[in-house]
Amino acid sequence: KQEVTQIPAALSVPEGENLVLNCSFTDSAIYNLQWFRQDPGKGLTSLLLIQSSQREQTSGRLNASLDKSSGRSTLYIAASQPGDSATYLCAPSNQAGTALIFGKGTTLSVSS
Amino acid sequence: GAVVSQHPSRVICKSGTSVKIECRSLDFQATTMFWYRQFPKQSLMLMATSNEGSKATYEQGVEKDKFLINHASLTLSTLTVTSAHPEDSSFYICSAMKGTSTDTQYFGPGTRLTVL
């Protein structure tokens, strides 16, 4: 059974810092992996999708990497801003067309 | 775009009543929709997989007679919480896959259910 762990559980940084959020998963035979953002009491916003054959994806200040063999993914946020404050969720899927398995997330707080 | 809506966004009900939550794909057809539940400070947990025109597949530990799922069209899936109890209070989120694409799931904004 796939289990997803995200470290750290919470992170507070001053504005402008670069930061890394970590995600590990127990079953490396994944189909793809998504990173989401969730604001308090809200739904999910998809940030990046990495296919199992890819090593990384970039969108603006966000860069997600995937090391499938070691069961790890990282989300790198450059030049953090207060608007980045949210909970970030990592979610691999084991097969095409199946549900995602979520970690508990990393709650990020960026202070101005 | 690929927009998924949920209705209602928030509902408060008395213990013992039933509540229906709708999940709609607004601008695409979704043969598969998923229902997740999220308790405070916890991860999203899959409840069931809903395929249009067939019975939903429930995850272990989820009572199918309590959480009724109907996926009657390619744009609508409903989750009915029957005889709701306070322990059913949670955040329910649906997601949908766009047509035959199996890569990206599009999530609804969620429904906050509070059972008194």
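Structure: above.
If you're wondering where the values come from, they're calculated on a predicted model, not measured in any experiment.

Things to note about the overall build of chain A
Working step 1: Along the backbone of chain A there are 0 helices and 10 strands.
Working step 2: For chain A, the C-alpha radius of gyration of 13 Å lies close to 13 Å, the compact-globule estimate for 112 residues.
Working step 3: Burial analysis of chain A (112 residues in total) assigns 42% to the buried set.
Working step 4: Summarising the internal contacts of chain A: among those between residues at least 6 apart in sequence, 54% fall at separations of at least 24.
Working step 5: One way to put it: in chain A the 8 positive side-chain charges average out to a point 6 Å from where the 8 negative ones average out.

A word on the pairing of strand β2 (residues 10–13) of chain B
Residues and elements named next belong to chain B.
Working step 1: Side chains of β2 alternate between two faces, with Val 11 and Cys 13 buried and Arg 10 and Ile 12 left unburied.
Working step 2: Bridge count between β2 and strand β11 (residues 111–115): 4 bridges; the pairing is parallel. If you follow Arg 10 over to β11, its bridge partner there is Arg 112.

Some thoughts on the interface of chain B and chain A
Note: interface size is frequently given as the accessible area lost on complex formation between the parts.
Working step 1: Listed per partner, the contact involves 18 residues of chain B and 20 residues of chain A.
Working step 2: For the chain B and chain A pair, buried surface summed over both sides reaches about 1500 Å², with 54% attributable to carbon and sulfur atoms.
Working step 3: Taken together, the links from chain B to chain A amount to 0 salt bridges.
Working step 4: Where chain B packs against chain A, one counts 4 residue pairs in polar contact (both at pLDDT 80 or more).

Some points on the nonpolar core
Working step 1: The biggest cluster of nonpolar side chains holds 24 residues, and the ones touching the most others in it are Trp35(B), Phe67(B), Leu79(B), Tyr92(B) and Leu113(B).
Working step 2: Mapped by element, the contributors of at least two residues to this core are β2, β3 (19–25), β4 (32–38), β5 (44–51), β7 (67–73), β8 (76–81), β9 (90–97) and β11 of chain B.
Working step 3: In this view, Leu113(B) contacts Val11(B), Cys13(B), Val19(B), Val81(B), Asp88(B), Ser89(B), Ser90(B) and Tyr92(B); residues no more than four positions away in its chain are not counted.
Working step 4: Core analysis: the next-biggest nonpolar cluster, separate from the first, contains 21 residues, Leu19(A), Trp35(A), Leu48(A) and Val110(A) among them.

Digging into the packing of aromatic side chains
Working step 1: The tally for this structure, following the rule as stated, stands at 8 aromatic pairs over all chains.
Working step 2: Here the aromatic rings of Phe102(A) and Tyr36(B) are separated by 5.5 Å at their centres, their planes lie at 90 degrees, and the arrangement is edge-to-face. Within this pair, whereas Phe102(A) is found in the loop between β9 (86–93) and β10 (106–111), its partner Tyr36(B) is found in strand β4, the two belonging to separate chains. Neither residue differs from the other here; Phe102(A) and Tyr36(B) are each classed as buried.
Working step 3: Each ring, one from Phe67(B) and one from Tyr92(B), has its centre 6.4 Å from the other, and the planes form 40 degrees; the classification is tilted. Pair noted here: Phe67(B) is in strand β7 and Tyr92(B) is in strand β9, with a separation of 25 residues, a long-range link. Across this residue pair, the class does not change: Phe67(B) and Tyr92(B) are buried.

Section: unusual backbone geometry
Negative phi is the rule for most residues except glycine; trans is the rule for most peptide bonds.
Working step 1: Cis peptide bonds are those with omega within 30 degrees of zero, and the linkage from Ile7(A) to Pro8(A) qualifies with -5 degrees.
Working step 2: Structurally, the position occupied by Pro8(A) is in the loop between β1 (4–7) and β2 (10–14).
Working step 3: Going from His7(B) to Pro8(B), the amide bond is cis rather than trans, its omega being 0 degrees.
Working step 4: Residue position: Pro8(B) is located in the loop between β1 (4–7) and β2.
Working step 5: The phi torsion at Ser83(B) lies on the positive side, around 45 degrees, for a residue other than glycine.
Working step 6: With respect to the secondary-structure elements, Ser83(B) resides in the loop between β8 and β9.

What counts and what doesn't
Residues numbered from 1 in each chain as written. Chains lettered and ligands numbered in written order. Predicted model: local features only at pLDDT ≥ 70, side-chain atom pairs only at ≥ 80, totals over all residues. Heavy atoms only, no water. Helix = DSSP H or I, 4+ residues; strand = E, 2+ residues; numbered from the N terminus. Rg over C-alpha atoms; globule rule 2.2 N^0.38 Å. Buried < 20%, exposed > 50% of the residue type's maximum accessible area, 1.4 Å probe, protein only. Contact = heavy atoms within 4.5 Å. Lys, Arg positive; Asp, Glu negative; His and termini not counted. Charge placed at Lys NZ, Arg CZ, Asp CG, Glu CD. Pairing = 2+ DSSP bridges. Buried area = accessible area lost by both parts, 1.4 Å probe. Salt bridge = Lys/Arg side-chain N within 4 Å of Asp/Glu carboxyl O. Polar contact = N/O pair within 3.5 Å; in protein donor to acceptor, adjacent residues only side chain to side chain. Core = buried A, V, L, I, M, F, W, Y, C linked by side-chain atoms within 4.5 Å. Phe/Tyr/Trp six-rings, centres within 6.5 Å; stacked < 30°, edge-to-face > 60°.

These results come straight from atomic positions and should not be treated as a statement about function.
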